[in-house]
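Listed below, chain by chain, are the residues.
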Amino acid sequence: MGSFGLGQVFLERLRHDDDLLLALKKAFKDNGYTTGFFTAIGAVKRAKIAYYEQGSQAYREIAIPEPAEILSCVGDISQLEEDTAVHAHITLSLSDGTVRGGHLLKGTVIFACEVFGVELKGEALQRGFDAVTGLKLWAYKT
Ligand code: ZN
């Protein structure tokens, strides 16, 4: 971990029917942006999210098989095993206004989505396995 300079700031409309997690990855990777963060709003046709069970150190998947508004999707971009890694959390509003949310997984299908992305310049931020949490996290600042 460390300090970064501000790189490109971009707005991008993601494509209808694309997978949200993969489209977010593509928005950064295709431009050569290795580190950054984003927010996104829009709507999904259906979603797959997860809740991390800290005791068992496993993700429990939650399917949302209906259209929902993306109230907020926030996340970061770093590198894991020489590939672009997206870590995103999403808050969704269902048709009755109730809210569900969690860790964004593949399997979330875009209805419409607008992304505000920021590239950070500097040494690419790396993820690695953290034995305490069981997660692939950034290293602590030394
Ligand atoms: Zn997460």
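(A) Spatial organisation of the overall build of the chain. When you go through the chain residue by residue, the secondary structure sums to 1 helix and 9 strands. When the helices and strands of the chain are placed in sequence order, the string is β-α-β-β-β-β-β-β-β-β. A compact globule built from 142 residues should have a C-alpha radius of gyration of about 14 Å, and the chain, at 15 Å, falls within 12% of that. Projecting the C-alpha coordinates of the chain onto the three principal axes gives extents of approximately 45 × 40 × 20 Å. The burial tally for the chain puts 40% of its 142 residues in the buried class. Put simply, of all contacts in the chain between residues at least 6 apart along the chain, 68% involve residues at least 24 apart. Approximately 8,400 Å² of the chain is accessible, and the part contributed by carbon and sulfur atoms is 53%.

(B) How the structure looks around the coordination of the zinc ion. Protein-derived coordination of the zinc ion comes from His87 (NE2), His89 (NE2) and His103 (ND1), at a distance range of 2.1 Å. Taken in chain order, the donor set of the zinc ion reads H-x1-H-x13-H. Residue histidine 89 is found in strand β5 (residues 83–93), and its partner histidine 103 is found in strand β6 (residues 99–104); the two are separated by 14 residues along the sequence. Here histidine 89 falls in the partly exposed class, since its relative accessible area comes to 41%. Given a relative accessible area of 15%, histidine 103 falls into the buried group.

(C) View of the side chain of serine 78. Secondary-structure assignment places serine 78 in strand β4 (residues 68–80). Since its relative accessible area comes to 0%, serine 78 is described here as buried. Not counting residues within four places of it along the chain, the set of residues in contact with serine 78 comprises Thr34, Asp83, Thr84, Ala85, Leu125, Arg127 and Trp138.

(D) The environment of alanine 85, seen in detail. On the secondary structure map, alanine 85 appears in strand β5. Classification of alanine 85 as buried rests on a relative accessible area of 11%. For the pair alanine 85 and threonine 34, spaced 51 residues apart in sequence, the C-alpha to C-alpha distance is 8.7 Å. Those residues in contact with alanine 85, other than ones at most four positions away along the chain, are Asp76, Ile77, Ser78, Gln79, Leu80 and Arg127.

(E) Looking closely at the environment of valine 44. Turning to its location among the elements, valine 44 is positioned in strand β2 (residues 36–53). Residues valine 44 and arginine 127 lie 83 residues apart in sequence; the distance between their C-alpha atoms is 28 Å.

(F) Quick peek at the pairing of β6. In terms of strand pairing, β2 meets β6 through 2 bridges, oriented antiparallel. Paired with alanine 50 across the strands is histidine 103, a residue of β6. In this sheet, β6 lies alongside β5 in antiparallel orientation, the contact comprising 5 bridges. Bridging across to β6, histidine 89 finds its partner in histidine 103. Between the end of β5 and the start of β6, which pair antiparallel, lie 5 residues, with glycine 97 showing a positive phi angle near 90°.

(G) Fine view of helix α1 (residues 20–29). Buried within α1 we find Leu20, Leu21, Ala23, Leu24, Ala27 and Phe28. Mapping the buried residues of α1 onto a view down its axis gives an arc of 165°, with all of them on the same face. Put simply, aspartate 19 is the residue that caps the front of α1, since its side-chain oxygen is 3.1 Å from the backbone nitrogen of leucine 21.

Procedures and definitions
Residues numbered from 1 in each chain as written. Predicted model: local features only at pLDDT ≥ 70, side-chain atom pairs only at ≥ 80, totals over all residues. Heavy atoms only, no water. Helix = DSSP H or I, 4+ residues; strand = E, 2+ residues; numbered from the N terminus. Rg over C-alpha atoms; globule rule 2.2 N^0.38 Å. Buried < 20%, exposed > 50% of the residue type's maximum accessible area, 1.4 Å probe, protein only. Contact = heavy atoms within 4.5 Å. Areas by Shrake-Rupley, 256 points an atom, 1.4 Å probe, with all protein chains shown as cover. Donors = N, O, S within 2.8 Å, 3.2 Å for Na, K, Ca; no water. Pairing = 2+ DSSP bridges. Arc of directions from axis to C-beta. Polar contact = N/O pair within 3.5 Å; in protein donor to acceptor, adjacent residues only side chain to side chain.

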